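Descriptive structure summary
Read off the chains here:
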Amino acid sequence: DAGITQSPRYKITETGRQVTLMCHQTWSHSYMFWYRQDLGHGLRLIYYSAAADITDKGEVPDGYVVSRSKTENFPLTLESATRSQTSVYFCASGDYYPYEQYFGPGTRLTVT
Amino acid sequence: EDQVTQSPEALRLQEGESSSLNCSYTVSGLRGLFWYRQDPGKGPEFLFTLYSAGEEKEKERLKATLTKKESFLHITAPKPEDSATYLCAAREGSQGNLIFGKGTKLSVKP
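Residues numbered from 1 in each chain as written. Chains lettered and ligands numbered in written order. Predicted model: local features only at pLDDT ≥ 70, side-chain atom pairs only at ≥ 80, totals over all residues. Heavy atoms only, no water.

So, about the packing of aromatic side chains. The full count for this structure, using the stated rule, is 17 aromatic pairs over all chains. Judged by centre distance (5.8 Å) and plane angle (70 degrees), the ring pair of tyrosine 31 of chain A and tyrosine 99 of chain A falls under edge-to-face. Of the two residues, tyrosine 31 of chain A is situated in strand β4 (residues 31-38) and tyrosine 99 of chain A in the loop between β9 (87-94) and β10 (102-103); the sequence distance between them amounts to 68 residues. Residue classification places tyrosine 31 of chain A among the buried positions, given a relative accessible area of 13%. Residue tyrosine 99 of chain A is classed as buried on the basis of its relative accessible area of 2%. Ring geometry for tyrosine 36 of chain B and phenylalanine 46 of chain B: centres 5.8 Å apart, planes at 75 degrees, overall edge-to-face. Of this pair, tyrosine 36 of chain B sits in strand β4 (residues 33-38) while phenylalanine 46 of chain B sits in strand β5 (residues 45-50), and the two are 10 residues apart along the sequence. Since its relative accessible area comes to 0%, tyrosine 36 of chain B is described here as buried. Overall, the relative accessible area of 18% leaves phenylalanine 46 of chain B in the buried class. The positively charged end of arginine 91 of chain B is found above the aromatic ring belonging to tyrosine 96 of chain A, 4.7 Å away from the centroid. Across the ring face of tyrosine 99 of chain A, the terminal group of arginine 91 of chain B is positioned such that the distance to the ring centre comes to 3.6 Å. (Phe/Tyr/Trp six-rings, centres within 6.5 Å; stacked < 30°, edge-to-face > 60°. Helix = DSSP H or I, 4+ residues; strand = E, 2+ residues; numbered from the N terminus. Buried < 20%, exposed > 50% of the residue type's maximum accessible area, 1.4 Å probe, protein only. Lys NZ or Arg CZ within 6 Å of the ring centre and 35° of its normal.)

On the side of chain B, 20 residues touch chain A, which itself brings 22 residues to the contact. Regarding the contact of chain A and chain B, the summed buried area is about 1600 Å², with carbon and sulfur atoms giving 50% of it. Ranking the residues of chain A by area buried against chain B places Leu43, Tyr99 and Phe103 of chain A at the top, with a combined share of 30%. Taken together, the connections running from chain A to chain B amount to zero salt bridges. (Contact = heavy atoms within 4.5 Å. Buried area = accessible area lost by both parts, 1.4 Å probe. Salt bridge = Lys/Arg side-chain N within 4 Å of Asp/Glu carboxyl O.)

These figures come from the coordinates and say nothing about function on their own.
Below is the structure:
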């Protein structure tokens, strides 16, 4: 089925560990995005990518790394997880115009 | 600083009681105003995009409108299944990324 998927859906990890969140879309959208959603802050952009091998920082990029070797995949890595990175992470995809973004189901990450 | 503010934070309605949600924005060179619906434990679901003042879009019991400083999501005769958090986002002119508001949590009681 066409769509956008994220894995894992739930993850518990310890402070200092490396964690990778996966995102896969089947729409062939050029743009992909990573957001985090926290109470009191709403959705905040972490990183985005306009095409394969092109990535750029969003509002809250510190502590995160992204790559995009294939158009359909956009993994997000927390190189050394901290408790402040406990959050719900959403991946989204879309095209430059009309820029509507379509979201995945989210990954709930807890850092202990 | 570009920002998007939604009000109220929470809204409780009786089934059939129409109301409106507000989204005010201060964004340089607005390139689109987006509305999303989010159910608990799920990702936001796209509803509408508005591009210019005066534009309106409708979907079932929802109608979105846009002025130069704010957008409204009008809900006519809501049903319990309309209960969700409604998010609005403005696309700013320079980098073109979406700036989201914190949402309005709508509860519709039967």
